[in-house]
Amino acid sequence: RAAVDRIQRSVGHMDALIHDLLDLARIEAGRFVLQRHVESLDDMVAEALIILRPLAEAKGVALREEAETGVRVFVDRERIFQVFSNLVGNAIKFTPAGGSITLRASTEARSALLVVTDTGPGLTAEQMTNVFNRYWQVSKTGRDGAGLGLYIAKGIVEAHDGRIWAERAAEGGAAFKFTLPLVQSTPAAGSPRG
C-alpha cells in the first residue's frame with residue numbers, strides 16, 4: 001500500500017510538471033488562451049478557500065478570508081484558481097505551524113486587488129526581485145517544484161491585463177498581490193484572449 005501511495009504521488013507530481021511545462025510553452029509562444037466570463041470575486045475566493053483550507057489545516061496553519069462583496073471581474077475562473085492555488089500553496093509551505101494566511105479581495109481605482117499574506121519568514125529584497133523568474137526557487141535544497149509556479153501565475157495575471165508583485169507583509173511575512181480589471185460593462189461571455 002505504501003508503494004502504491006508513493007507511485008500515485010509521483011504520478012501526481014509528474015502530471016503537475018507536464019501541465020506547468022505546457023503552460024510555460026504557451027506563455028512564451030504568446031499563445032496563452034483564456035476563456036473569460038463575468039465572475040463574482042467573493043464567490044471565487046470562497047471556493048478557493050474551501051479547496052485549499054484542508055491543506056492549511058493539515059499543517060496547523062489558519063487560513064482566513066477578507067473579501068469585499070459585490071465585486072465582478074471578467075476572468076478565466078480556472079486560471080485564476082490556479083493563481084490562488086499557487087500563492088496560497090507557497091504560503092502554506094513557508095508558514096510554520098501556528099501561523100496564519102489571509103486572502104484579501106477588494107477594489108482600488110478600476111481594479112480588483114487580491115492579496116495573499118502570511119506570517120512566515122518573509123522575503124529578502126533579492127528574493128522579491130527574482131521570485132517571478134522562470135525556474136527560480138526561494139529554497140534550492142527542497143525538491144518540491146520546478147520553480148515555474150510563480151512565473152506561470154505572473155503569465156496568467158498579465159494575460160488578464162493585471163499585474164502581480166511581492167512585498168513584505170505588515171504581519172512580518174510575505175505579501176503577494178495581484179490585480180484584475182473590474183467589469184465596466186458586460187462583455188460577451190466566453191470571449192477568448194490569445
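Reading the values: rules and limits
- Position labels on residues start from 1 in each chain and follow its written sequence.
- Selection of residues for local features in this predicted model requires a pLDDT of at least 70, selection of side-chain atom pairs for listing and counting requires 80 or more, and totals for whole chains, interfaces and linings are taken over all residues.
- Where side-chain values are given, they derive from all heavy atoms of the structure, hydrogens and water being excluded.
- The helix and strand labels rest on DSSP assignments: H or I over at least four residues marks a helix, E over at least two residues marks a strand, and numbering proceeds from the N terminus.
- Between 30 and 60 degrees the pair is tilted, below 30 it is stacked and above 60 it is edge-to-face, where a pair is any two Phe, Tyr or Trp rings, Trp via its six-membered ring, whose centres lie within 6.5 Å.
- Relative accessible area decides the class of each residue, using a 1.4 Å probe on protein chains only: under 20% of the type maximum gives buried, over 50% gives exposed, and in between gives partly exposed.
- Working rule: Lys NZ or Arg CZ, within 6 Å of ring centre, within 35 degrees of ring normal, means a charge sits over the ring.
- For every element, the axis is a line fit to its C-alpha atoms; helices are fit only across the contacting stretch, and the angle between N-to-C directions ranges from 0 to 180 degrees.
- In this scheme, roughly parallel covers angles under 35 degrees and roughly antiparallel covers those over 145, while 65 to 115 is roughly perpendicular and the rest are oblique.
- Crossing chirality is assigned from the near helix's rotation relative to the far helix, an anticlockwise turn below a right angle marking it left-handed and a clockwise turn marking it right-handed.
- Residue contacts follow a heavy-atom distance rule, with two residues in contact if any of their heavy atoms lie within 4.5 Å.
- Three residue categories are used. Nonpolar comprises Ala, Val, Leu, Ile, Met, Phe, Trp, Tyr, Cys and Pro, charged comprises Asp, Glu, Lys and Arg, and polar comprises the others, including Gly.

### Observations concerning unusual backbone geometry
Of note, A109 is a non-glycine position whose phi angle comes to about 55°, a positive value. Take A109: it is sitting in the loop between strand 5 (100–108) and strand 6 (111–118). The backbone phi angle of D161 is positive, close to 65°, even though this residue is not glycine. Along the polypeptide, D161 turns up in the loop between helix 5 (149–159) and strand 7 (164–168).

### Description of the packing of aromatic side chains
Applying the stated rule across the entire model yields 2 aromatic pairs. On the numbers, 6.0 Å between centres and 55° between planes, the contact of F84 with F178 is tilted. In this pair, F84 sits in helix 3 (residues 77–94) while F178 sits in strand 8 (residues 174–181), placing the two residues 94 residues apart along the sequence. As far as the burial class goes, F84 and F178 line up, both buried. Aromatic side chains F132 and F176 sit 6.0 Å apart centroid to centroid with 80° between the ring planes, which places their arrangement in the edge-to-face category. On the criterion of sequence distance, the pair formed by F132 in the loop between helix 4 (125–130) and helix 5 and F176 in strand 8 is long-range, its members being 44 residues apart. The ring of W165 carries R163 above its face, with NZ or CZ at 3.8 Å from the centroid.

### Some details on the packing of helix 2 (residues 41–59) against helix 3
Relative placement of two packed helices is described by the angle separating their axes and the distance separating the axes. Relative to each other, helix 2 and helix 3 sit at 30°, their axes nearing to 10 Å. The angle between the axes of helix 2 and helix 3 places the two elements in the roughly parallel class. Here helix 2 and helix 3 pass one another in a crossing that is right-handed. Contacts from D43, M44, V45, E47, A48, I51, L52, L55, A56 and K59 of helix 2 reach helix 3 at R77, I80, F81, F84, S85, V88, I92, K93 and F94. In the contact of helix 2 with helix 3, the residues fall into 13 nonpolar, 1 polar and 5 charged.

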